[in-house]
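# Coordinate analysis (summary)
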Amino acid sequence: MPGQGRRPTKPIYVELSIRTDLDTLWELTQRPWHHQRWDARFSRIDYLNSPSEQSAQSEQSTRSEHPPESGAEAGTEKGTAEGAEPVRFRYLLGLASGPALTGSGVTTAERRRPDGQRVSALRFASDSGWSPLREGAGYWRYLPSGSKDPAADGTSADGEPHVAFVTGYDYRSWRWPGGAQLDRWLVRPFVGWLTAWSFDRLRLWAERGISPERALWHGLAEVAVRAGAVALAGVVDAAVTGQAVAGVLTAGVVLVFAALVPPSPLTPAARRCRRRPRPGARGRAAARAPRLLTALAPPSDRSAPSTSSTSRKHLSPRRPSRNLGTTTLEQP
C-alpha cells in the first residue's frame, strides 16, 4: 500500500506465543462468536454466506466460558477448511443501536499446509466515513511447535505444545489534511496496542480458561488500583506538606512507578507481545504475507442480506482498492 504521507507508514505486526494446541487456537480465532469476544477491535462479526454458520451460531448461548476441548469441532465450517471458498462478513465496533463503526470484508483460510502451519487472510472496508481504518488487508499465521517453518519456536520450556500466533495488517486512513499525521502518531500506535492487548486476552482464555469478559474486568480493576494509589499518594503528600505542587510532583513520581510495575498474571497486557518481527530468517518468514492474501478478491459490491436481527440495516458492503497486496504488508 502506498504511504499516506511523504513517509510510508509501517504495517502493524503482533506476535505472541500461546501454550495451547493448534486446533484449540484455531477454534477460538476462526469462529466469529469466539473471535468477537476476545478481539477488542470488534463488537460483532457476522458471516453472510455460510449456511452452516447460522445454525452453529445459535449454539453460542449454550457454550461455556472455557475454551473448547483440543480439536473439538475445528474446521467443520465453510471458510475454515482446506481449500475453502472465501466467506463474506460484516463487522461492527460500538453499540448495536448507537454510534458504531461498521463495515464488510471477505476472509479465507488454509488448515493444511506442508510446513505444518495454518494461515488465514482477509480484506475489509469500512462503511463509516469517519472511521480511521477505511480499508485494508491482513493475515494470521499459526506456527505450532514442531512446525517446519523457521519462524516456529518449538516447544516451551516445560514441554507443553504451543503456537506462535502472528498477525500483520495494513490499512488506509483519512485522506483529509492532517489525517495521515493523526494516523501516524495517534491512531496507528493505539490500534497496534489494542491488537496486542487483545492477543494477550486470547492467551489467557486459551491457557488459563479466563474468559475475555472476566479478563476485561481484571484489567479495569488493576487500572483502578494503580490510579487510586497515584491519587492517594498525591493527596497525602499535599496534606502533609501543605503544598499542592508537592502533591502533584509526588503523584507524578508514583505514576511512573505504577506504570513500570509488571501487570498481574491474570490481566491482559500488550507488553507481553512482540511488536516487531524477529531478526533473521525466522522474522522474515513470520512477517511475510501469505500468497493466500494475494489471491483473495475484495468484498463484492452486491449488498448481502443480514444474518442477524441486530445488524445494521442501513449499511451495505463496498469494494476496497485492489492494490492492497502482499508487498504492502512486508516489514522494511
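Check the entry above for the structure.
Residues numbered from 1 in each chain as written. Predicted model: local features only at pLDDT ≥ 70, side-chain atom pairs only at ≥ 80, totals over all residues. Heavy atoms only, no water.

What follows deals with the overall build of the protein. Regarding its fold elements, the protein presents 8 helices and 7 strands. Here the protein holds 332 residues, and the buried ones make up 51% of them. Carbon together with sulfur atoms contributes 59% to the accessible area of the protein, which is approximately 16200 Å² in total. (Helix = DSSP H or I, 4+ residues; strand = E, 2+ residues; numbered from the N terminus. Buried < 20%, exposed > 50% of the residue type's maximum accessible area, 1.4 Å probe, protein only. Areas by Shrake-Rupley, 256 points an atom, 1.4 Å probe, with all protein chains shown as cover.)

With that settled, consider the layout of surface pockets. Put simply, the largest pocket is a space of about 700 Å³. Asp39, Arg41, Phe42, Phe124 and Leu133 are, among the 34 residues lining the largest pocket, the residues nearest its centre. The greatest single-element share of the lining of the largest pocket, amounting to 5 residues, is contributed by strand E5 (residues 118-126). (1 Å grid on protein atoms, 1.4 Å probe; cavity = no way out; pocket = protein on both sides within 12 Å on 5 of 7 lines; lining within 4 Å. Points joined across faces, edges and corners; volume = space filled by probe spheres on them.)

A separate point is the pattern of salt bridges. Within the structure shown, the criterion is met by 16 salt bridges. Residue aspartate 170 is joined to arginine 188 by a salt bridge in which the shortest nitrogen-to-oxygen separation is 2.9 Å. Remark: arginine 188 occurs in helix H4 (residues 179-208) and aspartate 170 occurs in strand E7 (residues 163-172); sequence separation between them is 18 residues. Like aspartate 170, the residue arginine 188 is buried in the burial classification. Three or more residues are tied together by salt bridges with common partners; here these are Arg19, Asp200, Arg203, Glu207 and Arg272. (Salt bridge = Lys/Arg side-chain N within 4 Å of Asp/Glu carboxyl O.)

In the contact formed by helix H5 (residues 212-241) and helix H6 (residues 244-260), the axes pass within 7 Å of each other and the chain directions differ by 155°. Between H5 and H6, the angle is such that the two are roughly antiparallel. For the pair H5 and H6, the crossing hand works out as right-handed. Contact residues: H5 offers Arg226, Ala229, Val230, Ala233, Gly234, Asp237, Ala238 and Thr241, while H6 offers Ala244, Ala246, Gly247, Thr250, Ala251, Val254, Leu255, Ala258 and Ala259. (Axes fitted to C-alpha atoms, helices over the stretch in contact; angles between N-to-C directions. Parallel < 35°, antiparallel > 145°, perpendicular 65-115°, else oblique. Left-handed = near helix turned anticlockwise from the far one by under 90°. Contact = heavy atoms within 4.5 Å.)

Either a parallel or an antiparallel arrangement is found when strands of a sheet pair, and the pairing is made through backbone hydrogen bonds. Strand order in this open sheet of 7 strands is E1-E7-E6-E5-E4-E3-E2, and the pairing throughout is antiparallel. The sheet is open, and its two borders are formed by strand E1 (12-18) and strand E2 (44-47), each paired with just one other strand. Mean inter-strand twist for the sheet, computed between neighbouring axes without regard to direction, equals 20°. Pairing of strand E6 (residues 135-144) with E7, which is carried by 10 bridges, proceeds in the antiparallel orientation. Bridging from a neighbouring strand, tyrosine 139 pairs with glycine 168 of E7. Those strands touched by helix H1 (residues 22-30) are E1, E2, strand E4 (100-110), E5, E6 and E7, and its axis lies near 160° from that of E6. (Pairing = 2+ DSSP bridges.)

All told, the structure shown has 12 aromatic pairs when counted by the stated rule. The interplanar angle of 45° and the centroid separation of 6.4 Å between the aromatic rings of phenylalanine 89 and tyrosine 91 together place this pair among those described as tilted. An identical accessibility class is assigned to phenylalanine 89 and tyrosine 91; each is buried. Between tyrosine 91 and phenylalanine 124, the aromatic rings sit 6.4 Å apart at their centres with planes inclined by 85°, giving edge-to-face as the arrangement. Residue tyrosine 91 is found in strand E3 (residues 87-94), and its partner phenylalanine 124 is found in strand E5; the two are separated by 33 residues along the sequence. (Phe/Tyr/Trp six-rings, centres within 6.5 Å; stacked < 30°, edge-to-face > 60°.)

A few words on the packing of H4 against H5. Running from N to C, H4 and H5 point in directions that differ by 120°, and their axes come no closer than 9 Å. For the element pair H4 / H5, the angle class is oblique. Crossing of H4 over H5 shows right-handed handedness. Residue-level inspection shows Trp197, Arg201, Leu204 and Trp205 of H4 in contact with H5, the latter providing Pro212, Glu213, Ala215 and Leu216. The residue inventory of the contact of H4 with H5, partitioned by class, reads 6 nonpolar, no polar and 2 charged. (Nonpolar A, V, L, I, M, F, W, Y, C, P; charged D, E, K, R; others polar.)

Moving on: the nonpolar core. Ranked by size, the top nonpolar core spans 35 residues in total, and within it Ile18, Leu25, Trp38, Tyr142, Phe165, Phe199 and Leu202 carry the most contacts. At the level of secondary structure, the elements contributing two or more residues to this core comprise E1, H1, E2, E3, E6, E7 and H4. Looking at this core, the element that brings in the most residues is H4, giving 8 residues. Among the nonpolar cores identified, the runner-up in size contains 15 residues, and Tyr13, Val119, Ala164 and Leu296 belong to it. (Core = buried A, V, L, I, M, F, W, Y, C linked by side-chain atoms within 4.5 Å.)

A few words now on the environment of glutamate 110. Within the secondary structure, glutamate 110 sits in strand E4. Separated by 11 residues in the primary sequence, glutamate 110 and alanine 121 have C-alpha atoms spaced 9.1 Å apart. Excluding anything up to four places from it in sequence, glutamate 110 contacts Trp26, Arg118, Val119 and Leu292.

What follows deals with the pairing of E3. Extensive coverage of E3 is indicated by the burial of 6 of its 8 residues. With 4 bridges connecting them, E2 and E3 associate as antiparallel partners. The residue of E3 that forms the bridge with isoleucine 45 is tyrosine 91.

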